[in-house]
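Close look at the chain arrangement
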Amino acid sequence: MLQVVAEEQGTPASEATLTAHRPPERPKGPGGWRQVEALPVGLFAAVMGLTGLSIAWTLAHVRYGVPLWLGRAIGLIACAAFVTVATGYAVKAVIAGPAVRAEFSHPIAGNLFGTPLISLLLLPIPLAPLSLTLARVLWIAGALGMTVFAWWVVTRWLSDRQQAAHATPAWIVPVVGLLDVPLAVPVLSLPPMQGVMVFALAVGLFFAVPLTTMILSRLLFETPLPAALQPSLLILVAPTAVGCSAYLATTGTVDLFAVALLSIALFLLAVLLPKLARLGWSCPFRVSWWGVSFPLAAAAVAALRIATAQPGLGIDSLALALLTLATAVIAWLLARTLLSVIRGELRTLAQ
């Protein structure tokens, strides 16, 4: 990823900045457990996508009566994925500490440290029926961690001059990720949390507007994102798709604003999906492809929530189409990732 960004910079100042943030070269070597040295923190996006799909299938059970075990089974897979990736990254932190520190300090890759925190905010939803106490602990840790991380990132942005080429969709993760805070609250049976939910919803939506504007400006007027980073464009769908679900969880009602948020997400999907479909034939599989999973699942979840509250042929057809698309894409991503790890190709996937 860092080499890709370096190719976009043409000025000596940009090159100096990227060099300062470039982590040590990943060692070349065989597969096996040493692959964890190349494990990117962005792989937690797989947990986000799987958890979002679990939520979507659970909502499909409520609306259409599909077997409940489907959503719960996907939720357990998401939990297993979280434990696996978290364990692998902990091992990486021990044996390759400088690489982790360099990844955290990088102006683009560092934003993806919000993905494990978002995972902690999402996993309580499928976990709540199994262990309410564990679900509450994970959510509290995720909410506190996400708030502190968002504060730290915004402080960093305002403390140093940022470069336009660094404004990629990954910038959405740290602050707009606060929109995930309200999602699990209705199932956790906690004391009234309306103030926390409104805070997260307000801050997330507030920063979604300028960040999306800056990213679109960079996409319009700077060098296009390289092929390896193109899948991350679908992250642009997440603020409105997740925002719709967060708004519904906070207010408990489907109104014009909720439908408007879903409409924006659908428009962006219509713009980006054909582009990504063409890219799928030419861009080699990389970990960055997991960036499409959660936005697709989030769009399906938002549509299913509205379909449950206001049933109709149009919204039901849309919800089922989005659920089918998200399921197919995430199943392919999971199978392709597992195959690559078994083959010892994680170092290649992380490039």
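Everything quoted here is computed from the prediction, not taken from an experiment. (Residues numbered from 1 in each chain as written. Predicted model: local features only at pLDDT ≥ 70, side-chain atom pairs only at ≥ 80, totals over all residues. Heavy atoms only, no water.)

1. Considering helix 11 (residues 194-221)
Using the following cut-off: A run of H or I in DSSP becomes a helix once it reaches four residues, and a run of E becomes a strand once it reaches two; helices and strands are each numbered from the N terminus. Here the expected span of a helix is defined as 1.5 Å times the quantity of residues minus one. In this scheme, the bend at a residue equals the angle between the axes fitted to the seven residues that finish there and the seven that begin there. Only protein chains enter the accessibility calculation, which uses a 1.4 Å probe; a residue is then buried when its area is under 20% of its type maximum, exposed when over 50%, and partly exposed in between.
Compared with an ideal rise of 1.5 Å per residue, which puts 28 residues at 40 Å, helix 11 spans 41 Å between its outermost C-alpha atoms and is within 8% of the ideal. Approximately 25° is the largest bend angle found in helix 11, and it occurs at A208, with the proline P210 only one to four residues beyond. For helix 11, the set of buried residues is M197, A200, L201, G204, L205, A208, L211, T212, I215 and R218.

2. Description of the packing of helix 11 against helix 12 (residues 238-251)
Using the following cut-off: The axes used here are C-alpha line fits, helices contributing only the stretch in contact, and every angle between their N-to-C directions lies in the interval 0 to 180 degrees. Put simply, angles under 35 degrees are roughly parallel, angles over 145 are roughly antiparallel, angles from 65 to 115 are roughly perpendicular, and the rest are oblique. Crossings are sorted by hand: turned counterclockwise from the far helix by less than a right angle, the near helix makes the crossing left-handed, and turned clockwise it makes it right-handed. Two residues qualify as a contact provided that any one of their heavy atoms is within 4.5 Å of a heavy atom in the partner residue. Amino acids outside the nonpolar list (Ala, Val, Leu, Ile, Met, Phe, Trp, Tyr, Cys, Pro) and the charged list (Asp, Glu, Lys, Arg) are all regarded as polar, and Gly is one of them.
Look at helix 11 against helix 12: their axes get within 10 Å of each other, and the N-to-C directions meet at 160°. On the basis of the axis angle, helix 11 is roughly antiparallel to helix 12. Between helix 11 and helix 12 lies a crossing whose hand is left-handed. Packed against helix 11, whose contacting residues are Q194, M197, V198, L201, L205 and A208, the element helix 12 presents P239, G243, A246, Y247, A249 and T250 at the interface. In the contact of helix 11 with helix 12, the residues fall into 9 nonpolar, 3 polar and no charged.

3. A few points about the nonpolar core
Put simply, the test is: The definition of a nonpolar core used throughout is a set of buried Ala, Val, Leu, Ile, Met, Phe, Trp, Tyr and Cys residues joined through side-chain atoms within 4.5 Å.
Within the largest apolar cluster, 114 residues are counted, with the highest numbers of intra-cluster contacts made by W139, L234 and C244. Among all residues touching C244, those that are not within four sequence positions of it are A258, L261, L262, A302 and I306.

4. Digging into unusual backbone geometry
Even without being glycine, S189 reaches a positive phi, approximately 55°. Residue position: S189 is located in the loop between helix 10 (185-188) and helix 11. For S189, a relative accessible area of 53% puts it in the exposed group.

None of the figures reported here should be taken as evidence of function without further support.
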